[in-house]
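Listed below, chain by chain, are the residues.
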Amino acid sequence: MPRPAPPLPPPAASALDLIGRTPMVELTGFGTGPCRLFVKLESANPGGSIKDRIARSMIEAAEADGSLKPGGTIVEATAGNTGLGLAQVGVLKGYKILLVVPDKMSREKIQHLRAMGVDVRITRSDVGKGHPEYYQDMAERLAAAMPGAIFINQFANPANPKAHQTTTGPEILEQMEGDLDAVVVGVGSGGTLTGLGRYFAEASPKTKMVLADPQGSILAPLVNTGELIEPGSWVVEGIGEDFVPTNCDLSLVSKAYTIPDAESIGAARELLTRAGILGGSSSGTLLAGALRYCREQTAPQRVVTLVCDTGAKYLSKVYNDSWLVEQGLTQRNLHGDLRDLIARSPADGGAVTVGPDDTLLTAYNRMRQADVSQLPVLDGGRLIGLIDESDLLEAVEDSKPDKRFAQNVATAMTAKLDTLQAGDPLDALLPVFEKDQVAIVLDGREFVGLITRIDLINYLRRAA
């Protein structure tokens, strides 16, 4: 007999009352060795991430000490989720929000923030602390110059770890019925690690804190070797650092794992296909670290990790096969020729194409949906033309308003095409690009794909 469901909670007074008390799910079928592995769904917070907790804590602390006054502005440097949490809490409380975010952040996060009326300033992600365009330095500078503004500074704000020490930690231990051997976390600002570590040191001393860190971050190497490495780059968002935040107490860590981006992405996608849980890229890192930890054990343990945020914010990245190819994060058959530069191939169904009898409206919609500026025109699988933005614009400008987008693609496409063979050298692309054209690649008479300037740049970046 199934257990009766607990009574549903009464209606909340506002979305602020929905922060915390998130569900826990046991993962099965993941190959966890002798261990049981559980994930706490912080993605169930109203803002979609664990950062809702610290946003409320930091804003309420600033209200209490008088630094944040009614109608004031909250300024922060964020990888996105803290900003979303600050907007989730701050907008409901009547504050203005200004956020400085690095340019590697997902499109969905930025769109979400702007939809909430947040002032989003995008800056470089390839510079370090001390550079004027480094996101934290820029946020602090903007706050200092703005009357009525405070720099919330999640990286050093004591209300950040306090949120996890007083809410997340007690919830986890209650859900695990007081029996917990290890918690696997990541570090962005350090609040989750430090807050949970402090709580479990008092409430459950046997519970180990385990760090899962993106490859390129300095934190796991610092824990494992004591050496400060030169930071690299990584695509996972929200965790990993090129410095040790004030809020990050690495002495609480018992073991640390360095997780490559490809392993993180693979784990996130496996979480969706095996457990039906849509998590973000950092959730993949944590799951990968937790699986490594579990598989290393020789005795049964009860292990918890976090789904830090929802994967709905990463549909254009983590769950986009073409993006994974562009980033070199997926296994693909390499040919040692121009085919290796093609991000969207007809052979695997990734190419976006139109037919000659499709309308110009269809071509326009596919360009917009795929975020491309040209489409191959295929007839029975054979390449017969190419239509780009210029062709489309010229065709609709020269037509009567009622017929503009109703015309067939065949009337607007370019049928005379200069093509390259897959076996041509890389240098053969340069004359094509100098003429502001896209490279059309054939293997004999078979169309194998298009190569743009950005495809060549991605290829050279991966080869560097």
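Note that this is a predicted model, so its numbers are computed, not measured. (Residues numbered from 1 in each chain as written. Predicted model: local features only at pLDDT ≥ 70, side-chain atom pairs only at ≥ 80, totals over all residues. Heavy atoms only, no water.)

Caption draft 1: Highlighting the packing of aromatic side chains. According to the stated counting rule, one finds five aromatic pairs in the structure shown. Taking the centre distance of 5.3 Å and the plane angle of 85° together, the rings of Y134 and Y135 count as edge-to-face. Owing to a relative accessible area of 10%, Y135 belongs among the buried residues under this scheme. Aromatic pair Y199 and F200: ring centres 5.3 Å apart, planes at 70°, arrangement edge-to-face. What links up through ring pairs into an aromatic cluster is the set Y134, Y135, F155 and F243. Of note, K129 hangs over the ring of F243, and the distance from its end group to the ring centre comes to 5.2 Å. Taking NZ or CZ as reference, R274 lies 5.9 Å from the ring centre of F30, over its face. (Phe/Tyr/Trp six-rings, centres within 6.5 Å; stacked < 30°, edge-to-face > 60°. Buried < 20%, exposed > 50% of the residue type's maximum accessible area, 1.4 Å probe, protein only. Lys NZ or Arg CZ within 6 Å of the ring centre and 35° of its normal.)

Caption draft 2: Highlighting the pattern of salt bridges. Considering all chains together, one arrives at 23 salt bridges under this definition. In this structure, the salt-bridge partner of D181 is K206, at a minimum N-O distance of 3.4 Å. Residue D181 is found in the loop between α5 (159–175) and β7 (182–185), and its partner K206 is found in the loop between α6 (191–203) and β8 (208–214); the two are separated by 25 residues along the sequence. By relative accessible area, which is 16% here, D181 ends up buried. (Salt bridge = Lys/Arg side-chain N within 4 Å of Asp/Glu carboxyl O. Helix = DSSP H or I, 4+ residues; strand = E, 2+ residues; numbered from the N terminus.)

Caption draft 3: Structural context of the side chain of K109. Structurally, K109 can be placed in helix α3 (residues 107–115). Apart from the residues within four sequence positions on either side, K109 is in contact with A79, G80, N81, L84, E237, D309, K313 and Y314. (Contact = heavy atoms within 4.5 Å.)

Caption draft 4: Geometry of the packing of helix α11 (residues 360–370) against helix α12 (residues 389–397). Orientation of α11 relative to α12, taken along the N-to-C sense of each, is 145°, at an axis distance of 11 Å. Crossing of α11 against α12: the hand is left-handed. Each of L360, Y364 and M367 in α11 lies in contact with α12, whose residues at this interface are E389, L392, A395 and V396. For the contact of α11 with α12, the class distribution of residues is six nonpolar, no polar and one charged. (Axes fitted to C-alpha atoms, helices over the stretch in contact; angles between N-to-C directions. Left-handed = near helix turned anticlockwise from the far one by under 90°. Nonpolar A, V, L, I, M, F, W, Y, C, P; charged D, E, K, R; others polar.)

Caption draft 5: Region of interest: the sheet that holds β7. Overall, mixed pairing links the six strands, which are arranged β1-β2-β10-β7-β8-β9 in an open sheet. Pairing within the sheet leaves two strands with one partner each, and these edge strands are β1 (24–27) and β9 (253–259). Neighbour-to-neighbour, the strand axes of this sheet turn through a mean angle of 25°, independent of strand direction. When β7 meets strand β10 (residues 302–307), the two strands line up parallel, connected through three bridges. From the neighbouring strand, V183 faces β10, where its bridge partner is V304. Along the sheet, helix α8 (residues 261–275) contacts β1, β9 and β10; its crossing angle with β9, the most-contacted strand, is approximately 95°. On the sheet, helix α9 (residues 281–296) packs against β1, β2 (36–41), β7, β8, β9 and β10 and is oriented at approximately 120° with respect to β9. (Pairing = 2+ DSSP bridges.)

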